[in-house]
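# Examining the three-dimensional arrangement
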Amino acid sequence: AKYSPAQICIPLVRIVESRQAQADELDVLGDYWVFNYDQDGDTLKFVSGGSHPGRMHLQLTPQGYRVTEFEVVEDGAGNLASAKRIFGESFDAFQTLQADEAKREQDRARGITDYVKQRNLTAKYYQDFGSAPIALP
């Protein structure tokens, strides 16, 4: 997906299930998000982003795990069928995770807070379009 450029990109990874494919390979089923922000004073203002649920295939390398394949749930008419195919026996768990918006927003706030702390940023809030700023926990 192409998103409007921003100063900061913060991913949100919500894992449904992780499976050992081979000794040095993992399949990770998840609800993956991209949140792009511009910092304005002490506030990270949302610029662009979106959800990319699917299956990542990871290969262990000397530098750590590397994504070798990413199978994404389709948008539009093929959404349900592709989600069922990709998530298989974990489809219900995926549906439950994806439907819990309150938990996703908690995870998002925690992820933003961790990002800000790790990079010594001055942000104390994040803000979506048309919404009041939300204090970081």
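Structure's up top.
These notes cover the structure that comes with them.

Of all the positions in helix α2 (residues 91–99), only F91, F94 and L97 are classed as buried. Looking straight down α2, one finds its buried side chains confined to an arc of 125°; they lie on one side. Relative to its buried face, α2 has exposed residues pointing more than 90 degrees away, namely D92, T96 and A99. Turning to α2, the residues buried within the fold contact β1 (8–22), β2 (25–40), β3 (43–61) and α1 (79–87).

A surface patch of nonpolar side chains, about 210 Å² in accessible area, is lined by V67, F70 and V72. In this structure V67 comes out as partly exposed when scored by relative accessible area, which is 42%.

The next subject is the side chain of D107. Tracing the chain through its elements places D107 in helix α3 (residues 101–118). The class for D107 is buried, based on a relative accessible area of 15%. A distance of 2.9 Å separates the side chain of D107 from the side chain of R14, its partner in a polar contact. In contact with D107, not counting residues within four places along its chain, are L12 and R14.

Basis of the calculations
- Along each chain, residues carry numbers from 1 onward, in the same order as the chain's sequence is written.
- Totals for whole chains, interfaces and linings use every residue, but because this is a predicted model, local features are given only for residues with pLDDT of at least 70 and side-chain atom pairs only at 80 or more, for both listing and counting.
- Values reported for side chains reflect all heavy atoms of the structure, with hydrogen atoms and water molecules removed beforehand.
- The cut-offs for exposure are 20% and 50% of the maximum accessible area for each residue type, with area from a 1.4 Å probe on protein chains only; residues under the lower value are buried, those over the upper are exposed, and the others partly exposed.
- Only DSSP runs of H or I with at least four residues qualify as helices, and only runs of E with at least two residues qualify as strands; both kinds are numbered from the N terminus onward.
- Taken from the helix axis, the directions to the C-beta atoms give the arc we talk about.
- When checking whether two residues touch, look at their non-hydrogen atoms; a contact exists if any pair is within 4.5 Å.
- Two distance rules govern patches: like charges are joined within 9 Å, and nonpolar side chains (Val, Leu, Ile, Met, Phe, Trp, Tyr) within 5 Å, applied only to residues with over 30% relative accessible area and no salt bridge.
- Here the accessible surface of atoms and residues is derived via Shrake-Rupley with a 1.4 Å probe, and residues count as covered only by protein chains that are part of the display.
- Salt bridge criterion: a side-chain nitrogen from Lys or Arg within 4 Å of a carboxyl oxygen from Asp or Glu.
- Between N or O atoms, a polar contact is any pair within 3.5 Å; within protein, one atom must be a potential hydrogen donor and the other a potential acceptor, and residues adjacent in sequence are included only when both atoms are from side chains.

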